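Listed below, chain by chain, are the residues.
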Amino acid sequence: MSKEGFILSKIKQLVLCVFVASLVVILTGQPTKASQQYLQSTTPTIFFHGYNSGAHAEKYMVNGIKNAGVSKTVVTAEVAANGKVTLEGRIPKGAVNPLVMVNFANSRNTDYPLQGQWVKNVIVKLQDQYHIKQINIEAHSMGNMAVMYYLLENAQNKQLPQLQKFLAMAGTFDGAIGWNEPANLTVNQKTGKPSAENDAFKKLLPLRQTFPRQVRVLNVYGDVGGGNDSQVSNQSCQTLRYLVNGRAKSYREVKVTGKNASHELLHHNPRVNQLLIDFFWAK
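Keep in mind the model is a prediction, meaning the values are calculated, not measured.

Draft legend 1. Inspection of the pattern of salt bridges at higher detail. This model, assessed by the stated rule, comprises two salt bridges. When the shortest N-O distance is used, the salt bridge between Asp 223 and Lys 255 registers 3.7 Å. With Asp 223 in the loop between β7 (216–222) and α7 (234–238) and Lys 255 in strand β8 (residues 250–256), the pair connects residues that are 32 residues apart, well separated along the chain. Under the relative-accessibility criterion, Asp 223 is labelled buried at 13%. Notably, a salt bridge pairs Glu 253 with Arg 241, separated by 3.7 Å at the nearest N-O pair. Remark: Arg 241 occurs in helix α8 (residues 240–244) and Glu 253 occurs in strand β8; sequence separation between them is 12 residues. Here Glu 253 falls in the partly exposed class, since its relative accessible area comes to 22%.

This is the structure we're talking about:
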C-alpha cells in the first residue's frame with residue numbers, strides 16, 4: 001500500500017469511529033465528555049406538576065437539564081382520568097439520567113389519595129417497562145401532595161422502585177392561601193411543626209414514622225414579599241420539615257427571591273434550575 005493510501009485508510013477509520021460514537025450517543029442518550037461533571041446514572045427523575053397545570057410546566061426545567069448536558073432522554077407519562085398510564089417516547093437501555101414528564105389529564109382533581117394512586121401508576125408503569133430499581137422525584141405545588149400521599153401508602157413497600165432524592169417546589173403541604181391554609185400559620189423553625197394543621201396535613205402525619213430513611217430532600221420555595229409566593233406561604237412550604245424530620249437522610253430548605261420567584265414562575269427560574277441540577281446530579 002502506498003503512503004497516500006495508508007493515510008487515506010487511517011482517515012476513513014477515524015471517520016468511521018467518530019460516526020459510530022455519535023450514533024451511540026444518539027441511540028442510547030449517553031452524554032458527551034463535557035457532561036462528565038455530572039453523575040452518570042440510569043435512575044429516572046420524574047416530574048409532577050401542580051393543580052390545573054400539565055407537562056408543559058415541566059418543559060423549562062427539562063430543557064435546561066438537557067442544555068446543560070445532564071441528559072438526552074425525555075419521555076412523557078400521560079395519566080388518563082381513569083388513572084391509566086401511557087408512556088410517550090422510550091428510554092434506551094443504559095440511557096444516562098433519563099427524565100420523565102408526567103401529565104395528569106384531570107389536573108383539577110383534589111382527591112389526594114387518588115392522586116397518590118396515579119403517582120404509583122406512573123412508577124409501576126416505568127418499573128414494568130424498564131425494570132427500574134430507583135427513582136428521583138421533583139414536584140411543584142399540589143403535585144407535592146400527590147407524591148406525599150403516594151409515600152403515605154407505599155413508603156415501606158420494597159417491591160417498588162426506591163425513592164432516592166425528592167425536590168419539593170412551592171409545596172402546599174399545609175394548604176394554600178385563601179383556600180385551606182390555616183389562618184395566621186406559623187412554623188417552629190427547628191422542627192417544622194405548624195401552629196395549626198389542615199385535614200390533609202393531619203392525614204400525612206404517619207409519615208413521621210415511615211418516611212424512607214434513604215431519601216435526600218430539598219425544599220425550594222419562593223418569596224415575592226410578605227413571606228409568600230403569591231399563592232402559598234413560606235410557612236406552609238416549611239411544614240414539610242415536620243413530616244420528614246428525623247427520617248430523611250438529609251433535609252435542606254432554599255428560599256428564592258427576586259425575578260420569577262412567584263408560585264407560577266418558580267419552575268421557570270434559572271436559579272431554581274441550577275439548584276435542581278446540582279441536587280440531583282452534581283458529583
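There's plenty left to go through after this.
Draft legend 2. Broad picture of the pairing of strand β3 (residues 85–88). Only one face of β3 is covered, namely the one carrying Val 85 and Leu 87; the face carrying Thr 86 and Glu 88 has none of its residues buried. Here four bridges tie strand β2 (residues 74–79) to β3, and the two strands are oriented antiparallel to one another. Opposite Thr 76, over in β3, you have Glu 88 as the bridge partner. Counting the residues that bridge the hairpin from β2 to β3 gives five residues, and of these Gly 83 lies at a positive phi of roughly 95°.

Draft legend 3. Up close: the environment of Gly 83. Tracing the sequence through the fold places Gly 83 in the loop between β2 and β3. The class for Gly 83 is buried, based on a relative accessible area of 5%. Separated by 37 residues in sequence, Gly 83 and Lys 120 have C-alpha atoms that sit 9.7 Å apart. Once residues lying within four places of it in the same chain are set aside, the contact partners of Gly 83 are Trp 118 and Asn 121.

What counts, and at which threshold
Residues numbered from 1 in each chain as written. Predicted model: local features only at pLDDT ≥ 70, side-chain atom pairs only at ≥ 80, totals over all residues. Heavy atoms only, no water. Salt bridge = Lys/Arg side-chain N within 4 Å of Asp/Glu carboxyl O. Helix = DSSP H or I, 4+ residues; strand = E, 2+ residues; numbered from the N terminus. Buried < 20%, exposed > 50% of the residue type's maximum accessible area, 1.4 Å probe, protein only. Pairing = 2+ DSSP bridges. Contact = heavy atoms within 4.5 Å.

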